[in-house]
Amino acid sequence: MPYHRGYDVAGSLGPLTAETLQQSAIPVDGPMATRKQQFMDLLGAFRGVFWAVFAMSGVVNVLALTGSFYMLNVYDRVLSSGSVPTLVALSILAAGLFLVQGCLDVLRSQVLVRIGMWLDREASPLAHDALLSLPLFGQSASDAVRPVRDVEVCRSFLSGQGPVAILDMPWMPLYLAFVYFLHPWLGLLATCGVLVLVSLTLLTEVLSNEVSRDASAAATQRMNIADSNARNAEVLKAMGFGDRASQRFAEASEEHIAVQTRASDITGSLSGVSRVARMCLQSAVLGLGAYLALQHAVSPGAIIAASIATARALAPIELAIGNWRAFVGARQGYARLKRTLSALSDEADPIDLPAPSRRLVIENAFVTVPGTQRLILSNVSCQLGAGDGLGVIGPSGSGKSTLVRAIVGAWPLARGAVRLDGAAIDRWPLAYFSSHIGYLPQDVALMDGSIAANIARFDPEADSRAIIEAAQSADVHELILRLPEGYETQLGPSGTNLSAGQRQRIALARALYREPFLIVLDEPNANLDAEGDAALSRAIDGVRMRGGIVVVVAHRPSALQAVNLVAFVSDGQLAKIGPRDQILKEVLHRPQATA
């Protein structure tokens, strides 16, 4: 499971910020543990294919001289000799070479498109795994989605004309050498034109780089506001400040549009200047060639050949300037993706351990808010054995929910360990560990899908009997059967088709699926009626009777009826832990204690 080493050698808390995430190695769960190596292997394979495409580009650019040689021979040989067979032979040869060039050009474009699709296919799962972990380190929902967007940006760039321009640019000296061969003055003029356009390219890079970062930040800010407004739509509507929320979004949109306009203006303006410079240079080459022809320094055919070759030399630069925004976006996306995935440890996958069956131990646990240095829990230690039920009580903000998040690995520990049967939870393969954990968070969120799929945690090999048993344990089986489509009822986004109490009971069934050893419930009766409270107590009793461990965060006393131990958390400390009746009696008269 995710496990952040947030302490330095002296034991002081290190900053758990986004920068820390990017700069420090973060040991993570099994699938994440090899992600860095997977990404590096992917880049290695990508480089090999890239060099093959680069070699193909060399052949395409050599064949692109066909037009220049054809015009040179037509003007200097065919017109002077009047030989029709020579014209036919040259035309057939040129047509054949053009056909080969066209086929290779199409093949190169198709290969680049497939490289983009291949990158998307191979990198998207890695980016999605990172998406699941980034929120655990304080990243917003929009920031967490960024790795997936970065993969899409890279794929879109590879499928466009930008890579073609970049692959063609190293072959410009070939065309310049050909123009120099025709006459040194023509070559010098073409070289000066290339230097002008290269300078425009460098200027585009300098001006676009910072504004592209600003555009990315503005887009993220706008999406963060939109995501927040969507999640709080009911509150905005009911309390009547939706117009102010819309104003915040409008202001963020204005900033986003302004930055995007500035970026487009830079690229568009420099692209226009480059087109004008290219046309001027082509005309200058024709003019200089005509002067040299009048001086009998070059043949008439050299004028046309030099113009064609010069235009071909300048085309990749003009194309690159036109696609520079896409190039900068892809480069920044690639760099972010590489940093994010490379920041993850490449430790070996944990080995399979025996199923936990004896105890849960928390050792000197320190927990901070992900992405910050704010300490929520400090030096928490306790031990639970098979069959124990622990109720966690305390005032609001004391750290109860933080404790259970740390127990299941949803929030990383800054220091200390959570162990099952002696093994720290980050030593368990994620899929195997998760099968022994049941977790009901305070904010219940079901996923878009059927009730059966949600209870079974979207297991493709789900056992119908196990699904029904979990629903019966949560006393929600009859409720599900009364729905129009029973277990196949589609919940919609976040399970909004159901009431809060129904969602909570289905989420409880999900936590109980396949009888995990450790069940962690954060205010499981917040939306339950008396019947639901009774069902919850029976479910806790059932877990304890089969030798499992239950941890329950409670604000209502009814959730504590089935536990044998109670822990009182106050000001980030585990102030007391012991038999239920004894602890409740000791804290009963404390106004800040909530049970």
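Just above, that's the structure.
Residues numbered from 1 in each chain as written. Predicted model: local features only at pLDDT ≥ 70, side-chain atom pairs only at ≥ 80, totals over all residues. Heavy atoms only, no water.

Engineer: Help me out: how do you make sense of the packing of aromatic side chains in this one?
Structural biologist: The relation between two aromatic rings is expressed through the spacing of the ring centres and the mutual angle of the planes. Within this structure, the stated rule accounts for four aromatic pairs. Judged by centre distance (5.6 Å) and plane angle (85°), the ring pair of W51 and F54 falls under edge-to-face. Remark: F54 and W51 occur in helix α3 (residues 35-63); sequence separation between them is three residues, near one turn of the helix. Judged by relative accessible area, which is 55%, W51 ranks as exposed. Members of the aromatic cluster, joined through ring pairs, are W51, F54 and W171. The ring of W411 has R405 sitting right over it, with the charged end atom 4.8 Å from the ring centre. (Phe/Tyr/Trp six-rings, centres within 6.5 Å; stacked < 30°, edge-to-face > 60°. Helix = DSSP H or I, 4+ residues; strand = E, 2+ residues; numbered from the N terminus. Buried < 20%, exposed > 50% of the residue type's maximum accessible area, 1.4 Å probe, protein only. Lys NZ or Arg CZ within 6 Å of the ring centre and 35° of its normal.)

Engineer: Please clarify how the sheet that holds strand β5 (residues 423-424) should be interpreted in this entry.
Structural biologist: Hydrogen bonding along the main chain pairs the strands of a sheet, whether they run parallel or antiparallel. Pairing within the open sheet is antiparallel, and its four strands lie in the order β2-β1-β4-β5. Each edge of the open sheet is held by one strand with a lone partner, namely β2 (375-385) and β5. Contacts from helix α14 (residues 400-408) reach β1 (359-368), β2 and β4 (415-420), with the element oriented near 120° to β1. (Pairing = 2+ DSSP bridges. Contact = heavy atoms within 4.5 Å. Axes fitted to C-alpha atoms, helices over the stretch in contact; angles between N-to-C directions.)

Engineer: Help me understand a nonpolar patch on the surface, please; the structure alone is not making it clear to me.
Structural biologist: A contiguous nonpolar patch, built from V84, V88 and I92 and spanning about 280 Å² of accessible area, is present on the exposed surface. Its location among the elements puts I92 in helix α5 (residues 84-133). (Patch = residues over 30% accessible without salt bridge, like charges linked within 9 Å, V, L, I, M, F, W, Y side chains within 5 Å. Areas by Shrake-Rupley, 256 points an atom, 1.4 Å probe, with all protein chains shown as cover. Salt bridge = Lys/Arg side-chain N within 4 Å of Asp/Glu carboxyl O.)

Engineer: Explanation requested: the side chain of E523 in the structure shown.
Structural biologist: Mapped onto the secondary structure, E523 falls in the loop between β7 (518-522) and α20 (530-545). In this structure, E523 is buried with no salt-bridge partner, the nearest side chain bearing the opposite charge being K400 at 5.6 Å. Excluding residues that lie within four positions of it along the chain, E523 makes contacts with Q442, Q504, V553 and H555. (Lys, Arg positive; Asp, Glu negative; His and termini not counted.)

Engineer: What am I meant to see in the sheet that holds strand β8 (residues 549-553) here?
Structural biologist: Reading across the sheet, the six strands line up as β6-β7-β8-β3-β9-β10 and stay open at both edges, with mixed pairing between neighbours. Looking at which strands have only one partner, the edges of the open sheet turn out to be β6 (437-440) and β10 (573-579). Sheet twist, expressed as the mean angle between neighbouring strand axes with direction ignored, is 15°. Pairing between β7 and β8: five bridges, direction parallel. Bridged to V520 within β8 is V551. On top of the sheet, helix α19 (residues 500-512) reaches β6 and β7; it is set at about 165° to β6, its chief contact.

Engineer: What is the right way to read the packing of helix α4 (residues 66-81) against helix α12 (residues 300-322) from this model?
Structural biologist: Contact pair α4 / α12: the axes reach a minimum separation of 7 Å and the direction vectors enclose 170°. With respect to each other, α4 and α12 are oriented roughly antiparallel. Across the interface between the two elements, G67, S68, M71, L72, Y75 and D76 from α4 touch P300, G301, A302, I304, A305, I308 and A309 from α12. Each residue belonging to the contact of α4 with α12 can be placed in one class, and the counts come to nine nonpolar, three polar and one charged. (Parallel < 35°, antiparallel > 145°, perpendicular 65-115°, else oblique. Nonpolar A, V, L, I, M, F, W, Y, C, P; charged D, E, K, R; others polar.)

Engineer: What should I look at first to understand α19 in this one?
Structural biologist: The first and last C-alpha atoms of α19 sit 19 Å apart over 13 residues, in line with the 18 Å expected at 1.5 Å per residue. Most of α19 is tucked away: 10 of the 13 residues are buried. Structurally, α19 contributes buried residues whose contacts are with β6, α16 (451-455), α17 (464-473), α18 (477-481), β7 and α20. Backbone geometry just downstream of α19 places R514 in the positive-phi region, at approximately 65°. (Expected span 1.5 Å × (residues − 1).)

Engineer: Just to check I follow, could you spell out the environment of L236 for this structure?
Structural biologist: Looking at the element boundaries, L236 is found in helix α10 (residues 233-239). Here the alpha-carbon distance between L236 and S246, two residues 10 residues apart in the chain, equals 9.9 Å. Apart from residues lying up to four places away in sequence, L236 is in contact with N229, F241, G242 and A245.

Engineer: It is not clear to me how helix α11 (residues 242-294) should be interpreted in this structure. Could you clarify?
Structural biologist: Side chains three or four residues apart in an α-helix point the same way, a direct result of the helix having 3.6 residues per turn. Over its 53 residues, α11 extends 76 Å from the first C-alpha to the last, a length consistent with the 78 Å expected when each residue adds 1.5 Å. In the segment just after α11, H296 is the residue with positive phi, at about 60°.

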